[in-house]
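One letter stands for each residue in the lines below.
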Amino acid sequence: MQMTAESSAGAVSHTSADWHSIPWKTVNETVRRLQARIVQATKAGTWHKVPALQALLTHSFSGRALAVRRVTENPGKHTPGVDKRTWKDPESQGMAIHELRHRGYQTLPLRRVSIPKPHGTKRPLGLPTMKDRAMQALYVQALDPMAETTADPHSYGLRKARCCADAMAQCAIALSNSTRPHWILEGAMQSCFDQLSHPWLLDPIPMDTTILSAWLKAGYMDKSVLYATDDGTPQGGICSPVLANMALDGLERILRKKYPHSGRRALKGKTKQVNLIRYADDFLITGIAQEVLEAEVKPLVTEFLHARGLELSAEKTSITPIEDGCDFLGQNVRKYKGHFLTRPAKKNVQAFLPSIRKVVKDNKQATAYWLRTQLNPHIRGWAHFHRHAAAKEPFVHVDTAIFKALWRWARRRHPKQGKRWVADRYFGRSGQRNWHFFGTAKDSDGNTISNWLCHASAIPVTR
């Protein structure tokens, strides 16, 4: 059956894009149904149906409406591109739906901005225009189902329903038993997003090559100067995570083919214990011996990356025994006398505490209630990230350091008052905890309410 926009799986038809009258439940169901059909066609291997279904989705009203909604409801909706345009009102959002057309579409250069990195350097980001963001969101809706279906099983970064905790759980599965591998190859790609080969991306990525080429060759504006882009994906764009993951997928299949865990050659694979855990451009490969990783696995990985225009980072790539451990995704992976544990990495703790002290220092004149509202999201987010690791001792250490910073903050505010007076004003007893920092404020009825500081050690550790 020929698939057209009038078929039963097609989009909702609208004569006018009145933003407030769009039936979003029907729109979501239509896009989900088309995405499910793309997944089924991919699994069945009926590759001639995949581009037809993708075209049906990218030309549908539902797909275009959902793409506009995505870029107008995220935190970057107020940040314009080089054209200085944003879609703030329903009228402009409704008009944007009709502007998302394949015919006559031309990209504009990215607006280059730089954001600070933990080591003092800056990461360059390219901000597309609102229309380019919406077009990327539209085509990602059609590309993502296929990318998720064909992705490596143990790839966890920049994917839906996957996170760092899943990657660390897989590390525990691969390394926890006594007969498991004793060596780890920890690696990362050198400027992955900036060096991906354009010819390689245009060949295997299953989408309209005209649109993809326009995104890759759009260039960027930096201080009113236009620069060309001959390599890399538009870092900061919606399509970049999907393109990067699809470029890096396949490494696990190559390793599994050479070191299988099932079949007639399974003994070789099980003996050498080669396993891959990847999160975006960071990865960890296990092996039974240093020679296996150095002489067999590392050259294979280097060759795989070279075909995509990438190379391993010399600073972040190392081979270490599991007894010495290594840092992966902010946690330390190590065996202690035969027992495998993951703990918050010292570098991660040392990077977290200065950020907390900076918040305290920047709020010298703020009230205790306001300071608490600024600190709690940072503390709670960091503790929840590490709550699946052996983090009890690091949590207590962090709480002690935060208490000392708050005590100095409180003493500085009242230099003429005694320690007991300061303690009674800012610290109290809550449950079984003494010296618990709190702040007070008035609610709408004029009643005094007290809010307490979140402690990392209060977050339960769940393995």
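Residues numbered from 1 in each chain as written. Predicted model: local features only at pLDDT ≥ 70, side-chain atom pairs only at ≥ 80, totals over all residues. Heavy atoms only, no water.

Caption draft 1: Quick look at the overall build of the protein chain. Across its full length, the protein chain holds 17 helices and 14 strands. Considering the protein chain as a whole, with its 463 residues, one finds that 47% of them fall into the buried category. A separation of at least 24 residues holds for 66% of the contacts in the protein chain among residues at least 6 apart in sequence. Per element, the accessible surface of the protein chain, about 24,100 Å² overall, is 52% carbon and sulfur. One way to put it: in the protein chain the 68 positive side-chain charges average out to a point 7 Å from where the 39 negative ones average out. (Helix = DSSP H or I, 4+ residues; strand = E, 2+ residues; numbered from the N terminus. Buried < 20%, exposed > 50% of the residue type's maximum accessible area, 1.4 Å probe, protein only. Contact = heavy atoms within 4.5 Å. Areas by Shrake-Rupley, 256 points an atom, 1.4 Å probe, with all protein chains shown as cover. Lys, Arg positive; Asp, Glu negative; His and termini not counted. Charge placed at Lys NZ, Arg CZ, Asp CG, Glu CD.)

Caption draft 2: Summary view of empty space enclosed by the protein. Scanning all chains against the criterion turns up 5 cavities of 30 Å³ or more. Size it by volume and the largest cavity reaches roughly 60 Å³. Forming the boundary of the largest cavity are Asp144, Ala147, Glu148, Ala151, Leu158, Arg159, Pro241, Val242, Asn245, Met246 and Asp249. Those elements giving two or more residues to the lining of the largest cavity turn out to be α5 (130-150) and α10 (240-248). Residues of the lining of the largest cavity, tallied by class, amount to 6 nonpolar, 1 polar and 4 charged. (1 Å grid on protein atoms, 1.4 Å probe; cavity = no way out; pocket = protein on both sides within 12 Å on 5 of 7 lines; lining within 4 Å. Points joined across faces, edges and corners; volume = space filled by probe spheres on them. Nonpolar A, V, L, I, M, F, W, Y, C, P; charged D, E, K, R; others polar.)

Caption draft 3: A look at the pairing of strand β10 (residues 331-336). By the bridge criterion, 3 bridges tie strand β9 (residues 326-328) to β10 in an arrangement that is antiparallel. Following the sheet pairing, Cys326 is matched in β10 by Val333. Taken together, β9 and the strand that follows it, β10, pair antiparallel across an intervening segment of 2 residues, in which Leu329 is found at a positive phi of about 60 degrees. Of the pairings in the sheet, the one linking β10 to strand β11 (residues 339-344) comprises 6 bridges and is antiparallel in character. Bridge assignment links Asn332 to a residue of β11, and that residue is Arg343. Hairpin geometry of β10 and β11 is characterised by an intervening segment of 2 residues between the two adjacent antiparallel strands and by a positive phi of about 55 degrees at Lys337. (Pairing = 2+ DSSP bridges.)

Caption draft 4: Broad picture of the nonpolar core. Counting 71 residues, the largest nonpolar core has Trp215, Ile285 and Val297 as the members making the most contacts within it. Here this core takes 11 residues from α5, the largest share from any one element. Among all residues touching Ile285, those that are not within four sequence positions of it are Trp183, Ile184, Leu185, Leu255, Val274, Asn275, Leu276, Leu293, Val297 and Val301. Judged by nonpolar contacts, the second largest core, of 30 residues, contains Leu353, Val398, Phe427 and Cys454. (Core = buried A, V, L, I, M, F, W, Y, C linked by side-chain atoms within 4.5 Å.)

Caption draft 5: Main features of the packing of helix α11 (residues 251-258) against helix α13 (residues 290-306). Axis separation between α11 and α13 bottoms out at 11 Å; the angle between their running directions is 145 degrees. Seen along the crossing, α11 lies across α13 with a hand that is right-handed. Residue-level contacts link Leu251, Ile254, Leu255 and Lys258 of α11 to Glu296, Val297, Leu300, Val301 and Phe304 of α13. Per-class residue counts for the contact of α11 with α13 are 7 nonpolar, no polar and 2 charged. (Axes fitted to C-alpha atoms, helices over the stretch in contact; angles between N-to-C directions. Left-handed = near helix turned anticlockwise from the far one by under 90°.)

Caption draft 6: A look at helix α15 (residues 368-385). Over its 18 residues, α15 runs 26 Å from end to end, which matches the ideal 26 Å to within 8%, given 1.5 Å per residue. At Leu375, α15 shows its strongest bend, of approximately 30 degrees, with the proline Pro377 following within four residues. (Expected span 1.5 Å × (residues − 1). Bend = angle between axes of the 7 residues up to and from the residue.)

Caption draft 7: Layout of the pattern of salt bridges. Under the definition given, this model contains 10 salt bridges. Between Lys160 and Asp144 there is a salt bridge, with its nearest N and O atoms 3.4 Å apart. Highlighted residues: Lys160 in the loop between α5 and α6 (164-175) and Asp144 in helix α5, separated in sequence by 16 residues. Residue classification places Asp144 among the buried positions, given a relative accessible area of 11%. Of the charged contacts, one joins Arg343 and Glu393 as a salt bridge, the two residues approaching to 3.9 Å between their closest N and O atoms. Taken together, the positions of Arg343 in strand β11 and Glu393 in helix α16 (residues 392-413) put the pair 50 residues apart, joining distant regions of the chain. On the basis of relative accessibility, which here comes to 24%, the residue Arg343 falls in the partly exposed class. (Salt bridge = Lys/Arg side-chain N within 4 Å of Asp/Glu carboxyl O.)

Caption draft 8: Just the layout of surface pockets, in detail. Looking at the second largest pocket, its volume works out to about 280 Å³. Around the second largest pocket sit 14 residues that line it, and Arg343, Pro344, Ala345, Lys346 and Val349 are the ones nearest its centre. Put simply, the parts of the chain that give the lining of the second largest pocket at least two residues each are β10, β11, α14 (346-362) and α16. For the lining of the second largest pocket, the residue count by class is 6 nonpolar, 3 polar and 5 charged.

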